[in-house]
Amino acid sequence: MRFSKPALMGAGLGFVMGIAFTVISLTQFDDTETNARDVALVSLLVGLPISVMLGLAIGWLWGRFMGPDSLD
C-alpha cells in the first residue's frame, strides 16, 4: 500500500495530536474515578490510533482534491 505525501503528513500530524491529547488527559483526569495508568493505556491504545486514522483520512482527502504534489 502506497500513501501520498499529504496522507503521510496527515498521519504524522494525527500522531502528534494523539500524543498531545494523551498528555492533556493525563493532567486532567479524576483521581477518584481512575488512575494515571488506565488513562494512559486507553489514550495510547484507543485515542492514538483514531487520531492517526483521522489524520490519514484528512491527508488523503487533501491529496485527492488538491493534488498529490500539493505539499512540495
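Scoring rules and cut-offs
- Residues numbered from 1 in each chain as written.
- Predicted model: local features only at pLDDT ≥ 70, side-chain atom pairs only at ≥ 80, totals over all residues.
- Heavy atoms only, no water.
- Helix = DSSP H or I, 4+ residues; strand = E, 2+ residues; numbered from the N terminus.
- Rg over C-alpha atoms; globule rule 2.2 N^0.38 Å.
- Buried < 20%, exposed > 50% of the residue type's maximum accessible area, 1.4 Å probe, protein only.
- Contact = heavy atoms within 4.5 Å.
- Areas by Shrake-Rupley, 256 points an atom, 1.4 Å probe, with all protein chains shown as cover.
- Lys, Arg positive; Asp, Glu negative; His and termini not counted.
- Charge placed at Lys NZ, Arg CZ, Asp CG, Glu CD.
- Salt bridge = Lys/Arg side-chain N within 4 Å of Asp/Glu carboxyl O.
- Patch = residues over 30% accessible without salt bridge, like charges linked within 9 Å, V, L, I, M, F, W, Y side chains within 5 Å.

1. Things to note about the overall build of the protein
Part 1: Counting its secondary structure elements, the protein contains two helices and zero strands.
Part 2: Radius of gyration (C-alpha) of the protein: 15 Å, far over the 11 Å computed for a compact globule of 72 residues.
Part 3: When its C-alpha atoms are laid out on the principal axes, the protein stretches across 50 × 20 × 15 Å.
Part 4: Here the protein holds 72 residues, and 22% of them are scored as buried.
Part 5: Long-range contacts, defined here as pairs at least 24 residues apart, represent 73% of the contacts in the protein between residues at least 6 apart.
Part 6: When the accessible area of the protein is evaluated, it comes to approximately 5400 Å², of which 71% is carbon and sulfur surface.
Part 7: Side-chain charges of the protein comprise 4 positive and 6 negative groups, with the mean position of each set lying 19 Å from the other.

2. What about the pattern of salt bridges?
Part 1: Under the definition given, this model contains one salt bridge.
Part 2: Note that Arg 37 is salt-bridged to Asp 38, the shortest N-O span being 3.8 Å.
Part 3: By relative accessible area, which is 33% here, Asp 38 ends up partly exposed.

3. Looking at the environment of Gly 55
Part 1: With respect to the helices and strands, the residue Gly 55 is situated in helix 2 (residues 36–66).
Part 2: When the C-alpha positions of Gly 55 and Leu 26 are compared, they lie 22 Å apart, and in sequence the two are 29 residues distant.
Part 3: If sequence neighbours within four positions are ignored, Gly 55 has contacts with Ala 7, Gly 10 and Ala 11.

4. A word on a nonpolar patch on the surface
Part 1: Among the surface-exposed residues, Phe 15, Val 16, Ile 19, Val 23, Leu 41, Val 42, Leu 44, Leu 45, Val 46, Ile 50 and Leu 54 lie close enough to one another that they form a single nonpolar patch of about 980 Å² accessible area.
Part 2: Elements represented by at least two residues in the nonpolar patch include exactly helix 1 (5–27) and helix 2.
Part 3: Counting residues per element, the nonpolar patch draws most heavily on helix 2, at seven residues.
Part 4: Mapped onto the elements, Val 46 comes out in helix 2.

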